[in-house]
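Listed below, chain by chain, are the residues.
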Amino acid sequence: MYSSLLLAAASVPASIEWSPKVAIVMIICNIIAIAFGKATIKQPSVGPSLPSPNLFGGFGLGAVLGTASFGHILGAGTILGLARLGVL
């Protein structure tokens, strides 16, 4: 039992460290997610409004949180994939 745990711990790849390239990939993924949300959310301003709606593209709080969450999930997957391929 212990040998399988040690084997599993030994095969875990090192995680990628933050760099400007990683930040750019995350920003691009968030922009893509916001653009996707802007094109597909039928009522983006429903719910609590934000202090400056023009700054957030007319999105309400729910739309901002939803698109930003989707962007971070998309970014994490992209960063892990690019790191695995050796691009980052």
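Treat the numbers as computed from the prediction; the structure is a model and nothing was measured.

A. Spotlight on the environment of glycine 47. Looking at the secondary structure, you find glycine 47 in the loop between α2 (20-40) and α3 (61-85). The class for glycine 47 is partly exposed, based on a relative accessible area of 49%. Once the C-alpha coordinates of glycine 47 and leucine 61 are considered, the two residues, 14 residues apart in sequence, prove to be 6.7 Å apart.

B. Quick look at α2. Helix length check: α2 (21 residues) gives 30 Å between terminal C-alpha atoms against 30 Å at 1.5 Å per residue, within 8%. For α2, the full list of buried residues reads Val22, Val25, Met26, Cys29, Asn30, Ala33 and Gly37. All buried residues of α2 fall inside an arc of 130° around its axis, so they share one side. Along α2, exposed side chains directed more than 90 degrees from the buried face belong to Pro20, Lys21, Ile24, Ile31 and Ala39. The inward-facing, buried residues of α2 abut α3.

C. Summary view of the packing of aromatic side chains. Taken as a whole and judged by the stated rule, the model has 1 aromatic pair. Each ring, one from phenylalanine 36 and one from phenylalanine 70, has its centre 6.1 Å from the other, and the planes form 40°; the classification is tilted. A residue pair is termed long-range when its members are at least 10 positions apart, and phenylalanine 36 in helix α2 and phenylalanine 70 in helix α3 qualify at 34 residues. On the basis of relative accessible area, phenylalanine 36 is assigned to the exposed category, the value being 51%. The class for phenylalanine 70 is partly exposed, based on a relative accessible area of 38%.

Reading the values: rules and limits
- Residues numbered from 1 in each chain as written.
- Predicted model: local features only at pLDDT ≥ 70, side-chain atom pairs only at ≥ 80, totals over all residues.
- Heavy atoms only, no water.
- Helix = DSSP H or I, 4+ residues; strand = E, 2+ residues; numbered from the N terminus.
- Buried < 20%, exposed > 50% of the residue type's maximum accessible area, 1.4 Å probe, protein only.
- Expected span 1.5 Å × (residues − 1).
- Arc of directions from axis to C-beta.
- Contact = heavy atoms within 4.5 Å.
- Phe/Tyr/Trp six-rings, centres within 6.5 Å; stacked < 30°, edge-to-face > 60°.

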